[in-house]
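Report on the structure
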Amino acid sequence: MDNATDSRQSILMRIRWKAGYMNPALRRIADRVLKAPEEIKSISIKDLALQCEVSESTVTRFVREIDVPSFQQFKILIAEELSQGTAPAEPLSERHVYEDITDQDDTSSVLSKVAARYAMTVSDTRAGLAEKELERAVEAIEEADVLGFFAMGASLLCVENALLRFMRVGKRCLFFRDLGIRQISTSTLGPKSLAIGVSNSGRTISTVDSLQQAKLQGATTLAITSFPDSPIVRHADICLFTPTITGVVGPGEYHESMVSKIAQLQVIDTLYSLYAVRNFGRAIEGLERTSDVTALTRY
């Protein structure tokens, strides 16, 4: 992660985001920190190691994994973030309607803030996506006879983009807007299928249930979400995490991020591009064939 991203991103957000990619020992440390971050600012490395049943060197490795140079600096960052998060309740005029936008912002300020938030999301998504997990996801896409998609709300934008991308290069895709038919469609998936659930919170009931049922049918499952501790992760063989968690401290699901769709679109476009590069001839053939069809829809 570069210094610019490092300075912008909440340390607790970074831990939540990266925890899903960590091994069990590092994950225990992450869970301990997130459970009671206020205790971390005064704890010793020895005591934290004992509480998490790991060695002190593992704690040091955890700190480096989240891009902090030392344990002492880690405690300082936690303390600074907690001090920002314990401010008095915001007056109505300072409450946010879109990330950090309030009713005090004029047109110029809104333009700048939205652009900056989008740019930060793209940068953070690039910095945090695990290449090995991306490669596993692409391999699953290659091996699948059909891609089944499941999403609700703003995440539907990601699915619509995925359908366009992957059908154009010849992958069979399955998606139904009707909730009942969508749930029934999981019964058509099998060991050669890939079920992809997209949910920023990872808690959307229909999406989580669909992924669970697809897994019971023998399908490989992929989740795209922001929260490593969310229910959807428990039913996913492969997880890709997006950095769209908002709020300094407290529950990760503080509220739905308004820019989650940007990170989700970026993940899908990355998966599509990797698949197309690895299957270049087939992809070009598919693009040419579908271009002939779509040409009929234009003057």
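Residues numbered from 1 in each chain as written. Predicted model: local features only at pLDDT ≥ 70, side-chain atom pairs only at ≥ 80, totals over all residues. Heavy atoms only, no water.

What follows deals with the overall build of the protein. Helix and strand counts for the protein stand at 14 helices and 5 strands. Taking the contacts inside the protein whose residues are at least 6 apart along the sequence as the reference set, 68% of them involve residues at least 24 apart. Surface summary for the protein: the accessible area is close to 15,100 Å², and the carbon and sulfur share equals 55%. (Helix = DSSP H or I, 4+ residues; strand = E, 2+ residues; numbered from the N terminus. Contact = heavy atoms within 4.5 Å. Areas by Shrake-Rupley, 256 points an atom, 1.4 Å probe, with all protein chains shown as cover.)

For the protein, per-residue confidence averages 84 on the pLDDT scale, and residues scoring 70 or more make up 87% of the total. Here residues 1-8 is a poorly scored stretch, pLDDT under 50, and it has 15 contacts once near neighbours within four places are set aside; other chains count. Within the model, pLDDT remains below 50 along residues 246-255, and this stretch shows 22 contacts once partners closer than five positions in the same chain are excluded. (pLDDT = per-residue confidence, 0-100.)

Take the packing of helix H2 (residues 11-19) against helix H3 (residues 24-35) next. Close contact between H2 and H3 brings their axes to 10 Å; oriented N to C, the two are set at 145°. The handedness of the crossing between H2 and H3 is left-handed. Of H3, the residues touching H2 (which contributes Leu12, Ile15, Arg16 and Ala19) are Arg27, Ala30, Val33 and Leu34. In terms of residue class, the contact of H2 with H3 is made up of 6 nonpolar, no polar and 2 charged. (Axes fitted to C-alpha atoms, helices over the stretch in contact; angles between N-to-C directions. Left-handed = near helix turned anticlockwise from the far one by under 90°. Nonpolar A, V, L, I, M, F, W, Y, C, P; charged D, E, K, R; others polar.)

Over its 13 residues, helix H9 (residues 131-143) runs 18 Å from end to end, which matches the ideal 18 Å to within 8%, given 1.5 Å per residue. Turning to H9, its buried residues are Glu133, Leu134, Ala137, Val138, Ala140 and Ile141. Along H9, the residues classed as buried sweep out an arc of 160° about the axis, all on the same side. Exposed residues pointing more than 90 degrees away from the buried face of H9 are listed as Glu131, Lys132 and Glu143. (Expected span 1.5 Å × (residues − 1). Buried < 20%, exposed > 50% of the residue type's maximum accessible area, 1.4 Å probe, protein only. Arc of directions from axis to C-beta.)

This brings us to the packing of aromatic side chains. Under the definition given, this model contains 4 aromatic pairs. Measuring from centroid to centroid gives 6.1 Å for Phe166 and Tyr272, while their planes differ by 80°, and the two rings are edge-to-face. A residue pair is termed long-range when its members are at least 10 positions apart, and Phe166 in helix H10 (residues 156-168) and Tyr272 in helix H13 (residues 260-278) qualify at 106 residues. For Phe166, a relative accessible area of 1% gives the class buried. Here Tyr272 falls in the buried class, since its relative accessible area comes to 14%. When the centroid spacing of 6.2 Å and the interplanar angle of 70° are considered together, the rings of Phe166 and Tyr275 count as edge-to-face. With Phe166 in helix H10 and Tyr275 in helix H13, this residue pair connects regions lying 109 residues apart in the sequence. (Phe/Tyr/Trp six-rings, centres within 6.5 Å; stacked < 30°, edge-to-face > 60°.)

Let us look at the sheet that holds strand S4 (residues 220-225). Strand order in the open sheet formed by 5 strands is S2-S1-S3-S4-S5, and the pairing between neighbours is parallel. In this open sheet, the two strands that pair with only one neighbour each are strand S2 (173-174) and strand S5 (238-241). For S4 and S5, the ladder comprises 4 bridges, and the chain directions are parallel. Among the inter-strand pairings, Leu222 is bridged to a residue of S5, identified as Ile238. (Pairing = 2+ DSSP bridges.)

Let us now look at the pattern of salt bridges. With the rule as written, the count across this model stands at 9 salt bridges. Close ionic contact of Arg27 with Asp31 constitutes a salt bridge, the shortest N to O distance being 3.1 Å. Of this pair, Arg27 and Asp31 both sit in helix H3, separated by 4 residues, roughly a single helical turn. Taking relative accessible area as the criterion, Asp31 reaches 39% and is therefore assigned partly exposed. For Arg278, the salt bridge goes to Glu142, with nearest N and O atoms at 3.0 Å. Taken together, the residues Arg278 in helix H13 and Glu142 in helix H9 connect sequence positions 136 residues apart. According to the relative accessible area criterion, Glu142 is partly exposed, its value standing at 25%. (Salt bridge = Lys/Arg side-chain N within 4 Å of Asp/Glu carboxyl O.)

It is worth spelling out a negative patch on the surface at this point. A cluster of acidic residues, Glu131, Glu135, Glu139 and Glu143, forms a negative patch on the protein surface. Relative to the helices and strands, Glu135 resides in helix H9. For Glu135, a relative accessible area of 41% corresponds to the partly exposed category. (Patch = residues over 30% accessible without salt bridge, like charges linked within 9 Å, V, L, I, M, F, W, Y side chains within 5 Å. Lys, Arg positive; Asp, Glu negative; His and termini not counted. Charge placed at Lys NZ, Arg CZ, Asp CG, Glu CD.)

Turning our eyes to something else, we now look at the nonpolar core. Of all hydrophobic cores here, the largest spans 33 residues; its most connected members are Leu147, Phe149, Phe166, Leu194, Leu222, Leu240 and Leu271. Setting aside chain neighbours within four positions, we find Leu222 in contact with Ala137, Leu194, Ala195, Ile196, Gly197, Leu211, Ile238, Cys239, Leu240 and Leu271. (Core = buried A, V, L, I, M, F, W, Y, C linked by side-chain atoms within 4.5 Å.)

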